[in-house]
Amino acid sequence: MGLAMQSESCEDFHARLMLQRRGHPVEETLARMLSSWVLGVGAMPQWLGLGENRFKQMLDEFFPGFDSREFYALGSHIDSRRGDEIDDLYRLLLQNRSGRHDSELWMVDLLTIGCLGNDHLWQDLGLWQRADLSQLMHDNFAPLAHRNNKDMKWKKFLYKQLCETEGIYTCRAPSCEVCADYDHCFGAED
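Every chain begins its residue count from 1, and numbering advances along the sequence as written. Residue-level local features of this predicted model are given only where pLDDT is at least 70; pairs of side-chain atoms are given and counted only at 80 or more, and the full residue set underlies all totals for whole chains, interfaces and linings. Excluding hydrogens and water, the side-chain figures rest on all heavy atoms present in the structure.

Peer 1: Got a minute to help me understand the confidence of the model for the protein chain in this structure?
Peer 2: The predicted coordinates ought not to be read in detail in places where the model reports low pLDDT. Confidence scores here are pLDDT values: one per residue, from the predictor, ranging 0 to 100. Chain-level pLDDT for the protein chain is 86 on average; 84% of the residues reach the 70-or-more range. Helix and strand definitions follow DSSP, with helices as H or I runs of at least four residues and strands as E runs of at least two, each counted in order from the N terminus. Here helix α10 (residues 182-186) stands out as the least confident element of the protein chain, with mean pLDDT 66; helix α8 (residues 142-147) is the most confident, with 97. Here residues 1-5 scores under 50 on pLDDT; set against residues more than four positions off or in separate chains, the count is 17 contacts. The criterion used for residue contact is that any of the two residues' heavy atoms lie within 4.5 Å.

As structure tokens, then:
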């Protein structure tokens with residue numbers, strides 16, 4: 001657990017981060033991720049998978065003056081055996097950026113690593129609700145967000161996009177609506 005979080009709530013840490021913000025729209029989402037991560041919520045690895053230097057650059061970009069030492073020794077290591085998967089997810093997200101902000105490059109990295117967790121993507125990222133992830137997708141990856149027009153769970157949707165890119169169709173049902181696993185892909189994520 002980070003130095004600050006020994007007696008601080010997620011909301012308090014979030015508020016401290018937001019006092020350091022520059023005013024970029026992505027900062028609210030990042031502050032939620034960071035606040036949860038400091039509490040040990042989510043599945044993000046050390047330095048959010050960015051490495052220490054890139055993590056500090058991101059922190060300086062969005063929350064200048066915030067001490068990166070508060071994030072020291074948090075998270076775990078990335079499973080290096082999943083390198084091909086990481087590369088494929090990275091390319092998919094990079095190719096489907098909205099093209100509005102440079103911050104989308106940080107989101108490509110964070111979402112790629114978040115997909116390696118074992119829970120719903122919004123939970124693995126440490127977001128507070130699924131709507132946070134949906135907003136992030138619409139803001140940063142509009143082409144993908146528009147293709148998810150039936151509100152499929154985001155991680156399942158991203159992996160389905162990878163399969164379709166490779167010409168792999170593992171679903172046996174003729175359409176999602178008649179599939180026996182429909183609730184696993186489209187059901188509630190709470």
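Peer 1: Teacher, can you tell me more about the packing of helix α3 (residues 52-62) against helix α5 (residues 104-114) here?
Peer 2: When two helices pack together, their arrangement is given by the angle between the helix axes and by the axis-to-axis distance. Simply put, an axis is a line fit to the C-alpha atoms, just over the touching stretch for a helix, and the angle between two N-to-C directions goes from 0 to 180 degrees. Put simply, α3 and α5 touch, their axes get as near as 12 Å, and they point 130° apart. Overall, the two elements α3 and α5 adopt an arrangement that is oblique. As for the relative orientation of α3 and α5, their crossing is left-handed in sense. Judged by residue contacts, R54, Q57, M58 and F62 of α3 engage W106, D109 and L110 from α5. Any residue outside Ala, Val, Leu, Ile, Met, Phe, Trp, Tyr, Cys, Pro, Asp, Glu, Lys and Arg is labelled polar, Gly included; the first ten of those are nonpolar and the last four are charged. Considering only residue class, the contact of α3 with α5 consists of 4 nonpolar, 1 polar and 2 charged. We call two directions roughly parallel when the angle between them is under 35 degrees, roughly antiparallel when it is over 145, roughly perpendicular when it lies between 65 and 115, and oblique otherwise. Note on convention: near helix rotated counterclockwise from far helix by under a right angle means a left-handed crossing. Clockwise means right-handed.

Peer 1: What is the right way to look at unusual backbone geometry in this model?
Peer 2: A negative phi angle is the norm for most residues apart from glycine, just as the trans form is the norm for most peptide bonds. At L48, a residue that is not glycine, the phi angle is positive and equals roughly 55°. Looking at the element boundaries, L48 is found in the loop between α2 (27-38) and α3. Here the phi dihedral of D151 falls at roughly 60°; this positive angle occurs in a residue that is not glycine. Tracing the sequence through the fold places D151 in the loop between α8 and α9 (154-165). For each residue, the accessible area found with a 1.4 Å probe, counting protein chains only, is set against the maximum for its type, and the residue is called buried under 20%, exposed over 50%, and partly exposed in between. A relative accessible area of 42% places D151 in the partly exposed class.

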